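Each chain, letter by letter, is given below.
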Amino acid sequence: MRNPIAGDANHATVNVYQWPSIPTIAERVNLLILGSMLHRKAFDELRTSRQLGYVVSAGVVPHGPIGELKVLVQGTKADPEAVDSYIEEMLTHFTADMKEMKDEEFANRKESVRIQLSKPDQTLPAEASRYWHAIRDRSYCFNKKDLSLEALAKLEDKKTLVKFWEELIGEKKTKVSVQVFGSGEDLDMAAPAGSTALFESNSNLLKSADASFYPNEHLCPDKVLLLDQMDFVKSIRQVVHA
């Protein structure tokens, strides 16, 4: 698509890589670690080395029950099609770096995520938001932080993380690339080979294609069952009192 700001020469490329199934607690922890590592790699290679733009970021992005990593580049030096190829090249280098990562660095990455997960809510609205999120998606997983810390402690070495990453960008790769072209660029509206076009006419069909993504019952199934039983008991009482 074209930059909606008239005369703005800035391009923007957003590549999103989604885990193709609802991530478990352990898989969410993997994404957190990968996100923190990918942020530094993207900044060093895409901004510092290639100087593609002042705005370069990468990391985990909350998107309902979907687990995904996002890479964002904004600038005028290269158009989105070129930036997309640079991002893919950076991910290849990232894979090599992961395989060569020392045990000490892996331990430091784990510790960084542990500190992040261990932080208490800083404000009352933040605490309320965390609880309401668990209610809204019907996971009722109010102790997700504790479960995440347990999963992190069980991650003993980098092998599991490397395997997860290779699946994420390899055989299970699900990629969405949003490209905004700045002024002065001729747009080629043809869909890239192997891509799937999304149109308003079939958007509802795509949303409902896999209803298992909603709600998030798999995270804390014991709590979902308990609350469902409570709802059932309430309904029986209402019938008896009527």
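Residues numbered from 1 in each chain as written. Predicted model: local features only at pLDDT ≥ 70, side-chain atom pairs only at ≥ 80, totals over all residues. Heavy atoms only, no water.

**Observations concerning the overall build of the protein**
If you tally the helices and strands in the protein, you get eight helices and four strands. N-terminal to C-terminal, the α/β element order of the protein is β-α-β-β-α-α-α-α-α-β-α-α. Within the span of the protein, comprising 242 residues, buried residues form 33% of the whole. Sequence-distant contacts, at least 24 apart, represent 82% of the contacts inside the protein between residues at least 6 apart. A total of about 14,900 Å² of accessible surface is found on the protein, and carbon and sulfur atoms cover 56% of it. (Helix = DSSP H or I, 4+ residues; strand = E, 2+ residues; numbered from the N terminus. Buried < 20%, exposed > 50% of the residue type's maximum accessible area, 1.4 Å probe, protein only. Contact = heavy atoms within 4.5 Å. Areas by Shrake-Rupley, 256 points an atom, 1.4 Å probe, with all protein chains shown as cover.)

**Re the sheet that holds strand 3 (residues 68–75)**
Across a sheet, paired strands are connected by hydrogen bonds in the backbone, their directions being either parallel or antiparallel. Spatially, four strands are ordered 2-3-1-4 in an open sheet, and the strand pairing comes out antiparallel. Where the open sheet ends on each side, the last strands, each with one partner, are strand 2 (55–60) and strand 4 (175–180). Adjacent strand axes in the sheet meet at a mean angle of 5° when their direction is disregarded. Pairing between strand 1 (residues 11–18) and strand 4: six bridges, direction antiparallel. Considered in strand 4, the bridge of Val-14 is made with Val-178. (Pairing = 2+ DSSP bridges. Axes fitted to C-alpha atoms, helices over the stretch in contact; angles between N-to-C directions.)

**Digging into the packing of helix 2 (residues 80–100) against helix 6 (residues 158–169)**
Each pair of packed helices can be summarised by the angle the axes make with each other and by the distance between the axes. Running from N to C, helix 2 and helix 6 point in directions that differ by 165°, and their axes come no closer than 10 Å. As summarised for this structure, helix 2 and helix 6 are arranged roughly antiparallel, according to the angle between their axes. Crossing of helix 2 against helix 6: the hand is left-handed. The segment helix 2 lies against helix 6, with Leu-91, Phe-94, Thr-95, Met-98, Lys-99 and Glu-100 engaging Lys-158, Leu-161, Val-162, Trp-165, Glu-166 and Ile-169. For the contact of helix 2 with helix 6, the per-class residue count stands at seven nonpolar, one polar and four charged. (Parallel < 35°, antiparallel > 145°, perpendicular 65-115°, else oblique. Left-handed = near helix turned anticlockwise from the far one by under 90°. Nonpolar A, V, L, I, M, F, W, Y, C, P; charged D, E, K, R; others polar.)

**What about the environment of Met-37?**
Within the element layout of this structure, Met-37 appears in helix 1 (residues 25–49). Sequence-wise, Met-37 and Met-98 are 61 residues apart; in three dimensions their C-alpha atoms are separated by 9.1 Å. Among all residues touching Met-37, those that are not within four sequence positions of it are Phe-94, Met-98, Met-101, Arg-109 and Leu-161.

Distances and angles like these do not, on their own, reveal function.
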